[in-house]
Structures are given as C-alpha cells and as structure tokens.
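# Secondary and tertiary structure notes
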Amino acid sequence: MTFSKRLKQLAACTALAAGVIASGTAADAAEKHKVFLSMSYIGNDWQAEAANMVKAMAAHKSLADKIDLQVQVAGPNAQRQIQQINAMVQAGAKAIVVYPISPTALNQVVKNACDKGVKIFAYDGDISEPCAHNISIDQEEAGRVTAEWLVKKLDGKGDIVLITGVPGTSVDDLRTKAAKEVFAKHPDIKIVGEAVGMWSQAVARTELSKITATRNWDQINGLWMQVGCYTANSMQLEAGKTPEQLLPCAGEGSNGGRIQMLPVGTEVEGAASPYAPLGAPRISYASPPYSGALALKLAVDAIEGKDVPMRVTLPLPLVTNETVKLCNEGTWEEMKAGCNAFLPSLVSNPGWFGSIFSEQTPEIGLAAALVGQPEP
C-alpha cells in the first residue's frame, strides 16, 4: 500500500477513532492526567496544522493511556485566554500547553497555575513568566536571516513590501524588529508598503491587493512576508508576469511556496498553476508546526517527574532554491533524508506548512499534520 493510500484510509477513520476515544469510561479518564491545549488565534493554516499534530501526539500509543487532552480556543483575546486558563486550573489540569496571544499578558495567571503545581508549556510564542517552559525557534534569527537574504538578493537597493503577522505576539514582534534592523542598515532599501497579514494567505492577498492598487508590481523590487509568498507569486502571475519576472520573496514555509521554488519543468504529481514549479526566487523558513506536539510530550515528561529544560530552541528550517527537495511519498524515512516539499497530490492545500520533521518527535509525521493521526 502506498503512503498516499494509507493516508486516505487514516483520514476516513479519523471520525471513528475520535468516537472511540470519546467513548472511554469516566474511570478511564480519572486514571489519566488531565492536560489542556490553550490556543489563541486560529485563523490560519499553521495553527490548524499545529493543533492536528498536538492531537496526534496525544493519540500516540506512548501517551494515549497517560493523558486526557482537552482543547480550548480563546481567539486573539488575552482576557479570554486568562479566564480559560484559570478554569483549566480549577478543573484539575496537570499541564497546560499554550499558544500565548501575548508574551506578558498571561504572566499572572501562569504564575498562579505554577504555584498550584500545574506545568505550563508555551509553543512557538513565548511567555515571559519564569515558571513557564518555552519551545520555539529563535524568532529574531528568523527575521534577521530572511531580511539579510532579501538584501543580498537585491544587491542592497530596492523598494520592498513587508507583510507582518499577528500583532502583540512575541513571534511577530521579534521577527519584524529583527528584519527592520537589517533593512535600516541599508539606506538604499526602502520599505514602501507594510501591512498586518495575520499569518494568513487570504489576509495577505487582501493586504497586497490594497498596496498594489496604488503601487503596481513593476514598482516593487522584493517582498518580506511572514506568510504570503505563495499568494504574492500567484498574484503576480494573475497580473501577467512570467515565472522569470517573479519578485524575490523572503517568507514562510508553506508547501505551495516551496513547490513554486522548484525549477520550471520539474515533474510534480498533482501540480497545477499556480501550485506548480515556477523557479520562484525564495528563502522559505518556518516555525515548525510540530512545536506544540513536542511541548505536549515534554509536559508529560514533566508531570512524570523527569527533568525538562525551561527553554527549548528548535532548529530554524531554512530552504532556498538550492536546497528545496521534493518528498514523493512523505514517509518518515524520506523526511529524515532531507526532503522538505510535498507533492500537491499528497497535500492539496498550498498554504499548509512543510517543516514537520523532527527527530525529537518520531510519533508524528505527515498523517499527523494533515489529519491528526500519529505514526503507527
């Protein structure tokens, strides 16, 4: 059986599996550690994928008999997230895995939780309260390296557009600050447009449409986008540009963007423009969506009394036109060998993020990111 066929079978039985898990007895739940996933903003592909991977980790045979995972979503509202975390503590949480809407707004509620023995693990975004564990990439490095790539690609001069992320999060603040510091060192680099993109391809399209309504693509030399390079390339094609005319874009690790990075003419199963090889000039980075799943795994270790570091800095995935490598099946072995872009026939959503591999999380792979199912 091919991996793609197995993936379809997994997707088909996801609802059945969820029903089986939900049908466990009260006694079963009582024997397990109560763990919560607290999500803030969820209106983008990354958050959905990260949540899938957390759920897959919880369902893996190594954890399924140990924890009862419950998920709550606060939206981009710090006060609501504070209220939900308080309620989680009162409900008997042993650990809370959290995507924080702010690095500081949750500090008091997190300290109160820690004082009651609850383990707090933040993923991707940081919490500055010292008792919280933080699992993320170096966000400043992400902003700096991608900005430096764009400056070099433009030979130190040109008009650029910036599309940022979710305001108020440590992720957006640190990336944007680091990138602007790089651009400030090059007086011939001019930021001629900037907008909040909310880490969403759809929002990026809306904001780029506003910018290009007053400044056409010929008046832009490059783009720095936390999310949206796939969409920017698509919009340029819609405006009549050829693949050779696409602007250099420093941005996210969406699978669509990485497929577009492949040389024109590369045979890719399921490809159709604009989700196709274009030779688009790119550097593609990512906050790996497995970070929440790793946070859950470490939280269970902490509950069990194991020594867990307060900060885990994940390797920053960086892919360029020279290093993009196609995954033909998306197996664990392929990813371990270095592939970093998946066939459109396997991953239909071009906004889905491709940096899902970590040697620290063998419990989860492509099926986890797509449909929330762990590795066998």
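In this text the structure is predicted, and so the values were computed from the model without any measurement.

## Brief notes about the packing of helix H6 (residues 139-153) against helix H7 (residues 170-184)
In the contact formed by H6 and H7, the axes pass within 7 Å of each other and the chain directions differ by 35 degrees. As for the relative orientation of H6 and H7, their crossing is right-handed in sense. Taking contact as the criterion, the partners of Gln139, Glu140, Ala142, Gly143, Arg144, Ala147, Glu148, Leu150 and Val151 in H6 are, on H7, Val171, Leu174, Arg175, Lys177, Ala178, Ala179, Val182 and Phe183.

## Topic: the packing of helix H3 (residues 45-59) against helix H11 (residues 291-303)
The interhelical angle for the contact between H3 and H11, taken along N-to-C directions, is 30 degrees, at an axis separation of 7 Å. Put simply, H3 runs roughly parallel to H11. The chirality of how H3 crosses H11 is right-handed. Contacts from Trp46, Met53, Val54, Met57 and Ala58 in H3 reach Ser291, Gly292, Ala293, Leu296 and Lys297 in H11. A per-class count over the contact of H3 with H11 returns 7 nonpolar, 2 polar and 1 charged.

## Quick notes on the sheet that holds strand S4 (residues 119-123)
Across the sheet, 6 strands lie side by side as S2-S1-S3-S4-S5-S11; this open sheet has parallel pairing. The open sheet is flanked by strand S2 (67-73) and strand S11 (311-313), the only strands paired with a single partner. For this sheet, the mean angle separating the axes of adjacent strands, direction not counted, is 15 degrees. Lying over the sheet, helix H4 (residues 78-90) contacts strand S1 (33-39), S2 and strand S3 (95-98), oriented at roughly 175 degrees with respect to S1.

## Remarks on the domain arrangement of the chain
Per the domain assignment, the segments of the chain are domain 1 (3-138 + 289-315) and domain 2 (139-285). Taking the mean C-alpha position of each, domain 1 and domain 2 sit 31 Å from one another. The interface of domain 1 with domain 2 comprises 15 residues on the first partner and 14 residues on the second. Between domain 1 and domain 2 the total buried area reaches about 1100 Å² when both faces are included, carbon and sulfur atoms providing 52% of it. Applying the counting rule to domain 1 against domain 2 returns 0 salt bridges. Partitioned by chemical class, the residues of the side of domain 1 that touches domain 2 number 6 nonpolar, 5 polar and 4 charged.

## Re the packing of aromatic side chains
As enumerated under the stated definition, the model contains 7 aromatic pairs in all. Both rings, one in Trp46 and one in Tyr123, keep their centres 6.4 Å apart while their planes meet at 20 degrees; by these two values the pair is stacked. With Trp46 in helix H3 and Tyr123 in strand S4, the pair connects residues that are 77 residues apart, well separated along the chain. Taken together, a centroid distance of 6.2 Å and an interplanar angle of 75 degrees make the contact between Tyr230 and Tyr275 edge-to-face. Here Tyr230, found in helix H9 (residues 229-238), pairs with Tyr275, found in the loop between helix H10 (255-261) and strand S10 (282-285); they are 45 residues apart in sequence, far enough to count as distant.

## Observations concerning H9
Burial runs high along H9: 8 of the 10 residues are buried. Of the positions making up H9, those classed as buried are Cys229, Tyr230, Thr231, Ala232, Asn233, Ser234, Met235 and Gln236. On its buried face, H9 is in contact with helix H8 (201-214), strand S8 (222-225), strand S9 (249-251), H10 and S10. At the C-terminal side of H9, Gly240 shows a positive phi close to 100 degrees.

## Quick word on the pairing of S3
Of the two faces of S3, the one carrying Ala95 and Val97 and the one carrying Ile96 and Val98 are both buried. Note that S1 and S3 share 4 bridges and pair parallel. Opposite Val35, over in S3, you have Ala95 as the bridge partner. As judged from the 4 bridges shared by S3 and S4, these two strands associate in the parallel manner. Note that in S4 the partner of Ile96 across the bridge is Ile120. The β-α-β motif built from S3, the intervening helix H5 (residues 107-115) and the parallel element S4 has right-handed crossover chirality.

## Focus on the pattern of salt bridges
Opposite charge on two side chains allows them to pair when their charged atoms are near. The tally for this structure, following the rule as stated, stands at 13 salt bridges. Ionic pairing is found between Glu238 and Arg205, a salt bridge with its closest N-O pair at 3.0 Å. Of the two residues, Glu238 is situated in helix H9 and Arg205 in helix H8; the sequence distance between them amounts to 33 residues. The closest approach of N and O atoms between Asp301 and Lys306, which form a salt bridge, is 3.5 Å.

Calculation criteria
- Residues numbered from 1 in each chain as written.
- Predicted model: local features only at pLDDT ≥ 70, side-chain atom pairs only at ≥ 80, totals over all residues.
- Heavy atoms only, no water.
- Axes fitted to C-alpha atoms, helices over the stretch in contact; angles between N-to-C directions.
- Helix = DSSP H or I, 4+ residues; strand = E, 2+ residues; numbered from the N terminus.
- Left-handed = near helix turned anticlockwise from the far one by under 90°.
- Contact = heavy atoms within 4.5 Å.
- Parallel < 35°, antiparallel > 145°, perpendicular 65-115°, else oblique.
- Nonpolar A, V, L, I, M, F, W, Y, C, P; charged D, E, K, R; others polar.
- Pairing = 2+ DSSP bridges.
- Domains from an automatic or database assignment.
- Buried area = accessible area lost by both parts, 1.4 Å probe.
- Salt bridge = Lys/Arg side-chain N within 4 Å of Asp/Glu carboxyl O.
- Phe/Tyr/Trp six-rings, centres within 6.5 Å; stacked < 30°, edge-to-face > 60°.
- Buried < 20%, exposed > 50% of the residue type's maximum accessible area, 1.4 Å probe, protein only.
- Right-handed = clockwise from strand over helix to strand, strands pointing away.

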